[in-house]
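# A structural walkthrough
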Amino acid sequence: MTDRRAGPRARHPGSLVLATIVLGSALRLLLAATIGMSVDESYETTIARTLSLGYYDHPPLSFWIPGVLARVAGTERGVVLRLPFIALFAGTTWLTYRIGARAFGERAGAYGAILLNLAPVFAIAVGGWVLPDGPLDFALLAAVLCLVHVLLGRTRAPIRWWVGAGAAAGVAALSKYHAVFLPAGVALYLLGRGEVRRWLRTPGPWIAGVLAALGALPAVVWNAHHGWASFRFQLGRGAGEGGVHPVALLESLGGQAGYLLPWLWVPLVWVLLSALRRGPRDAPRWLLASLAIPPIALFTIVSSGGKPGLPHWPMPGYLMLFPLLGAEVDERLARGDRRVRRWLAASAAGFGVVLALAWSQAATGWMARAFPALFRQGDPTLEVVNWSDARPAILALAGDGARQRFVAATSWIDAAKAGYALGPGTQVLCLCRSPHHFGYLHDQREYLGRDAILLDQTRGPSDAPRRYAPYFAGIDALGTVTVRRAGHPALDIAVFVGRRFRAPVPDDLPR
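Let me sum up the structure you'll find in this document. (Residues numbered from 1 in each chain as written. Predicted model: local features only at pLDDT ≥ 70, side-chain atom pairs only at ≥ 80, totals over all residues. Heavy atoms only, no water.)

This part is about the sheet that holds strand β5 (residues 488-501). Strand order across the open sheet formed by five strands is β2-β1-β3-β5-β4, with mixed pairing between neighbours. The sheet is open, and its two borders are formed by β2 (428-430) and β4 (472-485), each paired with just one other strand. Going from strand to strand, the sheet's axes swing by 30 degrees on average, the running direction of each strand aside. Pairing analysis gives three bridges linking strand β1 (residues 406-409) to β2, with the strands arranged parallel. Note that in β2 the partner of Ala 409 across the bridge is Cys 430. Together, β1, β2 and β3 (452-458) form the strand contacts of helix α21 (residues 412-422), whose direction differs from that of β2 by roughly 175 degrees. (Pairing = 2+ DSSP bridges. Helix = DSSP H or I, 4+ residues; strand = E, 2+ residues; numbered from the N terminus. Axes fitted to C-alpha atoms, helices over the stretch in contact; angles between N-to-C directions. Contact = heavy atoms within 4.5 Å.)

Now the structure itself:
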């Protein structure tokens, strides 16, 4: 009898997932070749030239990957450095499919994997950019798949799956601090399912815990030698202003919906609430809901304190909901719900439209020129405009003394962009209050007495001479360099020479 839920290809859900992976990877390769490096990617690539046990922003894995690859490949081209992250997301898609297949059936797993590839934050940013989220998400799902084998079914070799879960959790801990939500979710699941707490009397979970802790060890060692800087930075980012701020809460929810697309975000929230309503009696749904709720709830509640936070912070929680959404889609199609079929088609079309608009704007900037009113508050796609074509102009303005001068930027963002554009042969200092990891790369005292090429990205007249007057004997304007995108002016960089650097610029970094 023919299954009418999704046509003949539904008989081979694994093949459909493989096709999704191949097509998605090809699309990400095209994006990688045509879109510049984002601010965070430029920062990670520049900072990764110095390998370390830890970094100010995150644990080290997402820095080690581009740092080692650039050395081996002999290039820092974005398309090359993004390759491992594209491959990781291919694995993330497959793991989503296998988790859903194990918990709810092959078709449900396939729908979940396909829907994951229709959410921009995963399909584009996590799926192909040099960010800690790529290895984090892959490792989290690898751990969850191992846990599904142990907690949702009988297995002849449970210790093997516990070891696998612990090793994957260790990789997650080596990637991003969000890994802490994995044991929190497992603990929540165990609280509701008393019969599975028997595992705590076996060595498996404790071996897994030790392996996970080993993954966190490099970042802990680095922090212990740097005043716990990374932990303090991350914990302080969510500090609110006191009281309840509904506007900030709505901004947080709106950001989450925007990153996922509203027509996916609403069903994802619905399947989460439905799973919580069913409770522990539905073990597969309770497991995924338990893993999803800690980051989603924490960052949403924290935002009500007055700081909306960044929309991608709760995304590891939403990642756990795609197998649930796939199961819901499969069940509704089995009941002949034509609305779901139309919703699937509309979701794919909507994602295509959003991707085409964002891609074309990032590559050419046409929307900002055609509809300037939409970009009065700034153009977010400027973050992926490389400053590479500014390098010759900056060096030309600097003149013959460029080799004796050091390059400095007025923010960590400008330092990241300049550092990536100028290449590994140029050291870039960040002379600002919050230099992030740039503050640990160079000791400003070693540059005292030297002249600096000072760069300041600006949308108007730069006030760098006033701000930096106490730190140089004098500051002379050299001119402005225009960075172009598709032949059109995109942004301006004011260039100065700071004569005789005479005092370090103070920062807030623990030492």
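On to the pattern of salt bridges. Going through the model one piece at a time under the given rule, you end up with 19 salt bridges. Notably, a salt bridge pairs Arg 278 with Asp 282, separated by 3.0 Å at the nearest N-O pair. On the basis of relative accessible area, Arg 278 is assigned to the partly exposed category, the value being 27%. Across the pair Asp 337 and Arg 332 runs a salt bridge, and its minimum N-O distance is 3.5 Å. When its relative accessible area of 24% is taken as the criterion, Arg 332 is described as partly exposed. (Salt bridge = Lys/Arg side-chain N within 4 Å of Asp/Glu carboxyl O. Buried < 20%, exposed > 50% of the residue type's maximum accessible area, 1.4 Å probe, protein only.)

With that settled, consider the pairing of β3. Counting buried positions along β3 gives six out of seven residues, so the element sits mostly inside the fold. For β3 and β5, the ladder comprises seven bridges, and the chain directions are antiparallel. From the neighbouring strand, Thr 458 faces β5, where its bridge partner is Asp 492.

A word on unusual backbone geometry. Residues other than glycine seldom take positive phi values, yet Leu 261 does so here, at roughly 80 degrees. Within the secondary structure layout, Leu 261 lies in the loop between α13 (246-260) and α14 (262-278). One non-glycine residue, His 436, lies in the positive phi region at around 55 degrees. Looking at where His 436 falls in the secondary structure, it is placed in the loop between β2 and α22 (438-441). By relative accessible area, His 436 is classed as buried at 9%.

Here the focus is α21. Burial of α21 is extensive: 10 of the 11 residues sit out of reach of the surface. Those residues of α21 that fall on the buried side of the exposure criterion are Trp 412, Asp 414, Ala 415, Ala 416, Lys 417, Ala 418, Gly 419, Tyr 420, Ala 421 and Leu 422. Two residues or fewer past α21, Gly 423 is found with a positive phi of approximately 90 degrees.

Among the nonpolar cores identified, the biggest contains 81 residues, and Phe 122 and Leu 260 are the most heavily contacted of them. Per element, the largest residue contribution to this core is 13 residues, and it comes from helix α8 (residues 133-151). Dropping the residues within four chain positions of it, Phe 122 is found in contact with Phe 89, Leu 116, Gly 127, Asp 137, Leu 260, Met 315, Leu 319 and Phe 322. The next biggest cluster of nonpolar side chains, apart from the first, holds 29 residues, and it includes Ala 48, Ala 390, Leu 422 and Cys 432. (Core = buried A, V, L, I, M, F, W, Y, C linked by side-chain atoms within 4.5 Å.)

Turning to a nonpolar patch on the surface, a few remarks are in order. A cluster of nonpolar side chains, namely Leu 53, Val 210, Leu 214, Leu 217, Val 220, Val 221 and Trp 228, defines an oily patch on the protein surface of about 580 Å² accessible area. When you line up the elements, Val 221 lands in helix α11 (residues 203-224). (Patch = residues over 30% accessible without salt bridge, like charges linked within 9 Å, V, L, I, M, F, W, Y side chains within 5 Å. Areas by Shrake-Rupley, 256 points an atom, 1.4 Å probe, with all protein chains shown as cover.)

Here the focus is the packing of aromatic side chains. Throughout the structure, instances matching the rule amount to 19 aromatic pairs. An angle of 65 degrees between the planes, with centres 4.9 Å apart, marks the rings of Trp 94 and Tyr 97 as edge-to-face. Of this pair, Trp 94 and Tyr 97 are both found in helix α5 (residues 83-104), three residues apart, which corresponds to roughly one turn of the helix. Among the aromatic residues, ring-to-ring pairing joins Tyr 43, Tyr 55, Phe 63, Trp 412 and Phe 438 into one connected group. Between Arg 98 and the ring centre of Tyr 97, over which it is positioned, the NZ or CZ distance is 5.1 Å. (Phe/Tyr/Trp six-rings, centres within 6.5 Å; stacked < 30°, edge-to-face > 60°. Lys NZ or Arg CZ within 6 Å of the ring centre and 35° of its normal.)

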